[in-house]
Number of protein chains: 2
Amino acid sequence: MDVPLSISEVSELLGITAHTARYYERAGLLTIDRSQSGHRIYDRKTVERLDFLVRMRTSGMGISELSRYVDLVRDGDSTTEERLQIMLAQRERIRTQIRELERALDTTEYKIATYGGAPTTSTTSSAIDHEPEGTSS
Amino acid sequence: MDVPLSISEVSELLGITAHTARYYERAGLLTIDRSQSGHRIYDRKTVERLDFLVRMRTSGMGISELSRYVDLVRDGDSTTEERLQIMLAQRERIRTQIRELERALDTTEYKIATYGGAPTTSTTSSAIDHEPEGTSS
DNA sequence: CCTTGACTTCGAGTGCACTCACAGTCGTAG
DNA sequence: CTACGACTGTGAGTGCACTCGAAGTCAAGG
């Protein structure tokens, strides 16, 4: 269980395209070893790095900020304070997103109940349907 | 408590810019009444519609799909089945996003603990630090 | 009367993150 | 020996959702 993977294998594993994996490398987010023939070889450690990058991206961190973070890691222990700040900001972003998504989920569930629960009851669709809760800030 | 709002008031209330509110209208997602002088007037119902649109957008529904949904609502009761399908798909998207965000949150918390908990312990940063969990599919 | 500020329309511009095209290379299967 | 499929680098293109700019209108204050 430590067989190096090809770019197509690793991209499928992580749910991205091979194009995207190459793009991240071009953007300086990580470097990947090559085989004798020039093909990228992803070992366990490299896969984990890429997985981390994908997680940060899918949770809303931009490429430029991620790039900054990667540079800080390369620069060593003196940069941990700024790295901490980046991760604290990222945590807040994620928490905010989760809160928004849960609100949107409530709204969506309500719509589903309206459409799925009532078998064509009519007297609907006056607006974009009626909303469950008022619009409080 | 049913005073109509201006575009600047409603956009601040909903956390978007006035530009974006106008853009949604231009995209056909909703229509807004005008005052005698031509300014947009948002009443309670209109604010709720816009709030719904914003929630769907922030949870990943694209403008074109949202536009389709709005058209279906306009077309009346015969379209509830397709509207249900759209909302079911939306629910799945949201659930997937929440799952991904929670994974990203775990990763972020781990980094914070590493930087915040360990006061410059050294012997770190061999990769982009060590990951808490293995990369399982 | 004149300025100020918030609004109007509408075409055009921006930023981001991919995503693609193309020409070339490599290793194995037939 | 040659065809195939998966890979390579890199410049250019795409799609989306805003975001801006410019010119104009309007109501109220000094």
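See the structure shown above.
Residues numbered from 1 in each chain as written. Chains lettered and ligands numbered in written order. Predicted model: local features only at pLDDT ≥ 70, side-chain atom pairs only at ≥ 80, totals over all residues. Heavy atoms only, no water.

Where do I start with the pattern of salt bridges in this structure?
Should their charged atoms come close, side chains of opposite charge can pair. Enumeration over the complete set of coordinates arrives at 22 salt bridges over all chains. For Arg 44 of chain A, the salt bridge goes to Glu 48 of chain A, with nearest N and O atoms at 2.7 Å. Taken together, the residues span about one helical turn, with Arg 44 of chain A and Glu 48 of chain A both in helix H3 (residues 44-58) at a distance of 4 residues. A salt bridge links Arg 74 of chain A to Asp 71 of chain A, with the nearest nitrogen and oxygen atoms 3.6 Å apart. Here the residue Arg 74 of chain A and the residue Asp 71 of chain A both occupy positions in helix H4 (residues 63-75), the gap between them amounting to 3 residues, near one helical turn. For Asp 71 of chain A, a relative accessible area of 28% translates into the label partly exposed. Connected through shared salt-bridge partners, Arg 91, Glu 92 and Arg 95 of chain A together with Glu 109 of chain B make up one network. (Salt bridge = Lys/Arg side-chain N within 4 Å of Asp/Glu carboxyl O. Helix = DSSP H or I, 4+ residues; strand = E, 2+ residues; numbered from the N terminus. Buried < 20%, exposed > 50% of the residue type's maximum accessible area, 1.4 Å probe, protein only.)

Would you take a moment to explain the packing of helix H1 (residues 7-14) of chain A against H3 of chain A for this structure?
Packed helices, taken two at a time, are described by their axes: the angle between them and the distance between them. Residue and element names in this part refer to chain A. In the contact formed by H1 and H3, the axes pass within 11 Å of each other and the chain directions differ by 40 degrees. The angle between H1 and H3 falls in the class oblique. Here H1 runs over H3; the crossing is right-handed. The residues of H3 that touch H1, namely those facing Val 10, Leu 13 and Leu 14, are Val 47, Leu 50, Asp 51 and Val 54. Considering only residue class, the contact of H1 with H3 consists of 6 nonpolar, no polar and 1 charged. (Axes fitted to C-alpha atoms, helices over the stretch in contact; angles between N-to-C directions. Parallel < 35°, antiparallel > 145°, perpendicular 65-115°, else oblique. Left-handed = near helix turned anticlockwise from the far one by under 90°. Contact = heavy atoms within 4.5 Å. Nonpolar A, V, L, I, M, F, W, Y, C, P; charged D, E, K, R; others polar.)

Please explain the packing of aromatic side chains as it appears in this structure.
Each aromatic ring pair is specified by the distance between its two centres and by the angle formed by the two planes. Counting across every chain of the model gives 6 aromatic pairs over all chains. Taken together, a centroid distance of 6.0 Å and an interplanar angle of 50 degrees make the contact between Tyr 23 of chain B and Tyr 24 of chain B tilted. Since its relative accessible area comes to 6%, Tyr 24 of chain B is described here as buried. Here the guanidinium or amino end of Lys 111 of chain B rests over the ring plane of Phe 52 of chain A, the centre of that ring lying 4.5 Å away. (Phe/Tyr/Trp six-rings, centres within 6.5 Å; stacked < 30°, edge-to-face > 60°. Lys NZ or Arg CZ within 6 Å of the ring centre and 35° of its normal.)

Which parts of the structure should I look at to understand the protein's contact with DNA strand C?
Taken together, 18 residues are adjacent to DNA strand C, and Tyr 24 of chain A together with Ser 8, Arg 26, Arg 34 and Arg 40 of chain B come closest. Side-chain polar atom of Tyr 24 of chain A to a phosphate oxygen of DNA strand C: 2.8 Å apart, as the coordinates give it. At a separation of 2.5 Å, a phosphate oxygen of DNA strand C approaches a polar side-chain atom of Arg 40 of chain B. The set of elements that each furnish at least two residues to the surface near DNA strand C consists of helix H2 (18-26) of chain A together with helix H1 (7-14) and helix H2 (18-26) of chain B. Among the residues forming the surface near DNA strand C, the class breakdown is 4 nonpolar, 8 polar and 6 charged. (Near = heavy atom within 4 Å. Polar contact = N/O pair within 3.5 Å; in protein donor to acceptor, adjacent residues only side chain to side chain.)

Just checking my understanding: could you explain the environment of Gln 97 of chain B for this structure?
Along the chain, Gln 97 of chain B turns up in helix H5 (residues 80-117). Put simply, Gln 97 of chain B and Gly 60 of chain B are 37 residues apart on the chain and 8.8 Å apart in space, counted from C-alpha to C-alpha. Gln 97 of chain B has contacts with Leu 101 of chain A together with Ser 59 and Gly 60 of chain B, leaving out every residue within four places of it along the chain.

What should I look at first to understand a negative patch on the surface in this one?
Together, Glu 102 and Asp 106 of chain A together with Glu 102 and Asp 106 of chain B make up a negatively charged patch on the protein surface. When residues of the negative patch are traced back to their parent elements, those giving at least two are helix H5 (80-117) of chain A together with H5 of chain B. Structurally, the position occupied by Glu 102 of chain A is in helix H5. Here Glu 102 of chain A falls in the partly exposed class, since its relative accessible area comes to 38%. (Patch = residues over 30% accessible without salt bridge, like charges linked within 9 Å, V, L, I, M, F, W, Y side chains within 5 Å. Areas by Shrake-Rupley, 256 points an atom, 1.4 Å probe, with all protein chains shown as cover. Lys, Arg positive; Asp, Glu negative; His and termini not counted. Charge placed at Lys NZ, Arg CZ, Asp CG, Glu CD.)

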